[in-house]
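Below are the chains, spelled out letter by letter.
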Number of protein chains: 2
Amino acid sequence: MSPAKRHAKVKMTDIAQAVGVSAMTVSRAFKGDTGVKPATRAAVLSKAEELGYVFDATAANLRQSRTGFVAVVVPSLENANFSATVRALSKALSQKNIQILLANTEYDVEEEERLIPQLLRRNPEAIVLIGTQHSKRTRALLKKAPVPVIEIWDLPREAIGHVVGFSNFDAVQLLVAHLVKSGRRRLGFLGGEAGNDPRGQQRRAGFVAALAQLALPAHRLVPLGTAPVGMTEGAAGLDRLLSQFPDTDGIICVSDLVGFGAVAQCARRGIAVPETLAIAGFGNYEIGRVCEPALTTVDVGAEQIGQRTAELVFDLLAPGNTRQGPRRFDIHPDLIVRRSTP
Amino acid sequence: MSPAKRHAKVKMTDIAQAVGVSAMTVSRAFKGDTGVKPATRAAVLSKAEELGYVFDATAANLRQSRTGFVAVVVPSLENANFSATVRALSKALSQKNIQILLANTEYDVEEEERLIPQLLRRNPEAIVLIGTQHSKRTRALLKKAPVPVIEIWDLPREAIGHVVGFSNFDAVQLLVAHLVKSGRRRLGFLGGEAGNDPRGQQRRAGFVAALAQLALPAHRLVPLGTAPVGMTEGAAGLDRLLSQFPDTDGIICVSDLVGFGAVAQCARRGIAVPETLAIAGFGNYEIGRVCEPALTTVDVGAEQIGQRTAELVFDLLAPGNTRQGPRRFDIHPDLIVRRSTP
DNA sequence: ATGAAAGCGCTAACAA
DNA sequence: TTGTTAGCGCTTTCAT
């Protein structure tokens, strides 16, 4: 351990004393306040450097009742879509030196209920949650929380506070329309039944609704199990779908990962995609661009969600903010047609 | 905005007053101290609930000089390997109510240099960094930082503090040995030249060293560009490798993602894997298990790294800790043989 | 089992 | 341009 670590903590008053000014001057020098003589500031900063001073944000936070961090609650980080959102959010926030306090629920509302109070104790300036499914207690807690709540990645009927999301229900309709336009009529859906993945459920519901509206059968639904589901489940799911409904001519998958699993399984079984079977994914993951054939999918704007959320946070934290009502940003997903569908 | 939000903040003294005890008793009741009459505690807790009290961790932190969070610095979250580590770490830490302060450098040491001081100001109890490549200033800063520094995912020659990692250099030798044993002699390597990915560089260096030791040629090296590189680069890289070195009979890729790109490209070009060309990846990503043929790879124990790091943190924070010297955990990666190699 | 006083390190507010 | 005072909300310490 270096000697520096043994020394008692250096604080503002130490620098003040060493330079021969008051603590306030040191404070001002540090935050780049106007009204500090350049020479004084220089002296302060150099002495701080010399003494190995580290500004104590905790103390400042207590005094100012502002912490400069945002709590972010995610169901999983091992989902490239969510990571993209977190990356965009993190990048934008870090530009203004706002830090992220991260919590991972692993798709578990109980865990979320346990984690959120821990986060709130730290006085985050806002709390961002991927997903809109929460326990009753969590909901109540967030409702009366003294910080802005931002739910993202979905458009809840009853939002707790602000929303930055898209309609998973509507987004799937882009895919259904595309498949039907190209002549497919016997469509199936892989996944979307998991109780812990409401976004997937919305997608499946959108699928069913779209078919119903077209007076097409919507019974070719194959469950894949509890979220997260991925490529492995997609491959197994394809087999199940075809054994139950051999005449299927098009499949929409709850995600590109599942879609890739299905495409890969088709390759193994010698099923021609898209000729015999059209397959579409969801989410525009890298795998869908690279696999063979490349997957038709929906780009949900994962980064855009993060970006917009950051902007919303800045807005909410802006000094002059008058706390208007809750805001709602509706992101519009894009259909991306690739070779896996005709 | 609910009425609760307009009220001034409820603090311990408010509860104390309402219950008719002192703030100290409230404090004790909250932390489950022995030496509070059960009836008193019950009264305190119920009044707290009633008033919507939220414990202020900032104030407690200032007083106790302990914050209960750990800073985690990652090059990227969109890498399933890193996310797995963060997940395991996060899960273990959250069990003891330690929060994660997340920073994402995007493989940029300059950005890291900018972010770390921001993190240190918040008095994290430890700082965990994926990677061991840092700027000179960052290194100096961390060296004299008053918190334990844990570098993970590599085994640096000169560690700043503690280490939980594996030798990327050695790990590749498992793959080389496997390919050579199965008769391949004209091996190539995809990726690993990127200056911002020292782990990749180590892998490539290990590849070159292993071949040199076997007196085999080690010139079939194809750069893929700046990290992060993925499937797309893998596909392009395969083409480049084969046009430069058409006689190549085995390829090791800097990651499974690149490996998948290469395998997919082989499928498109009608190159038989593994008969004509053996392909191995690195990192044991899900894609490598599911693709066709499944990829031979190295499992580096991403979760284990996170888990071990959490244990190390607990150790370092244990009250009786005597601050012994830096610890070093050497994780041993495993070879996983699949169908992409003979 | 409970309370009173002091103070963690910083900054808002006012003063000079 | 700089300084003084007070206090953010909690917990340590000592007292009862």
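In every chain, residue numbers begin from 1 and rise along the written sequence. To read the labels, note that chains go from A and ligands from 1, taken in the order they are written. For this predicted model, a pLDDT threshold of at least 70 governs which residues receive local features, and a threshold of 80 or more governs which side-chain atom pairs are given and counted, while totals over whole chains, interfaces and linings are taken from all residues. The basis for every side-chain value is the complete set of heavy atoms in the structure, and neither hydrogens nor water enter the calculation.

> Any chance you could break down the overall build of chain A for me, citing the residues and the numbers?
Segments assigned H or I by DSSP are reported as helices when at least four residues long, segments assigned E as strands when at least two residues long, and all are numbered from the N terminus. For chain A, the helix and strand inventory stands at 14 helices and 12 strands. Here the globule rule is a power law, 2.2 Å times the number of residues to the power 0.38, and the radius of gyration is based on C-alpha atoms. Computed over C-alpha atoms, the radius of gyration of chain A comes to 26 Å, more than 25% over the 20 Å expected from 2.2 N^0.38 for 342 residues, which places it beyond the range of a compact globule. A principal-axis box enclosing the C-alpha atoms of chain A has dimensions of 85 × 40 × 30 Å. Residue burial in chain A is summarised as follows: out of 342 residues, 56% are buried. In this analysis, two residues are considered to be in contact whenever any of their non-hydrogen atoms come within 4.5 Å of each other. Long-range contacts, defined here as pairs at least 24 residues apart, represent 69% of the contacts in chain A between residues at least 6 apart. Note that accessible areas follow from Shrake-Rupley with a 1.4 Å probe, and for residues the cover is restricted to the protein chains shown. Taken as a whole, chain A presents about 14400 Å² of accessible surface, with 51% of it coming from carbon and sulfur. Remark: exposure states derive from per-residue accessible area (1.4 Å probe, protein chains only) relative to the maximum for the residue type, with buried under 20%, exposed over 50%, and partly exposed in between.

> Report on the side chain of aspartate 249 of chain A, specifying residues and quantitative values.
All names here are of chain A. Residue position: aspartate 249 is located in the loop between α11 (231–244) and β8 (250–253). A polar side-chain atom of aspartate 249 sits 3.2 Å from the main-chain amide nitrogen of arginine 185. The residues contacting aspartate 249, other than those within four sequence positions of it, are Gly183, Arg184, Arg185, Arg186, Leu187, Thr276, Leu277 and Ala278. Here a polar contact is taken to be a pair of N or O atoms separated by no more than 3.5 Å, where protein atoms must pair a possible hydrogen donor with a possible acceptor and residues adjacent in sequence count only if both atoms sit in side chains.

> With reference to specific residues and values, describe the environment of threonine 25 of chain A.
Residue and element names in this part refer to chain A. Here threonine 25 is to be found in helix α3 (residues 23–30). For threonine 25, a relative accessible area of 18% gives the class buried. Taking the C-alpha atoms as reference points, threonine 25 and arginine 199, 174 residues apart in sequence, are found 53 Å from one another. Discounting residues that sit within four places of it in the chain, threonine 25 has contacts with Val36 and Thr40.

> Describe in detail the side chain of arginine 220 of chain A, supporting the description with residues and values.
Tracing the sequence through the fold places arginine 220 of chain A in strand β7 (residues 220–222). Residues contacting arginine 220 of chain A, with those up to four places away along its chain left out, are Arg186, Leu187, Gly188, Phe189, Leu241, Phe245, Asp247 and Thr248 of chain A.

> Requested: an account of the environment of leucine 295 of chain A, with residues and values cited.
Residues and elements named next belong to chain A. Assignment of secondary structure puts leucine 295 in the loop between α13 (286–290) and β10 (297–299). On the basis of relative accessibility, which here comes to 0%, the residue leucine 295 falls in the buried class. Measuring from C-alpha to C-alpha, the distance between leucine 295 and phenylalanine 282 comes to 8.9 Å, with 13 residues separating the pair along the chain. Excluding its chain neighbours within four sequence positions, the residues that come into contact with leucine 295 are Asp256, Gly259, Phe260, Val263, Ile279, Gly281, Gly288, Ile336, Arg338 and Ser340.

So yeah, pure geometry; function would need other evidence.
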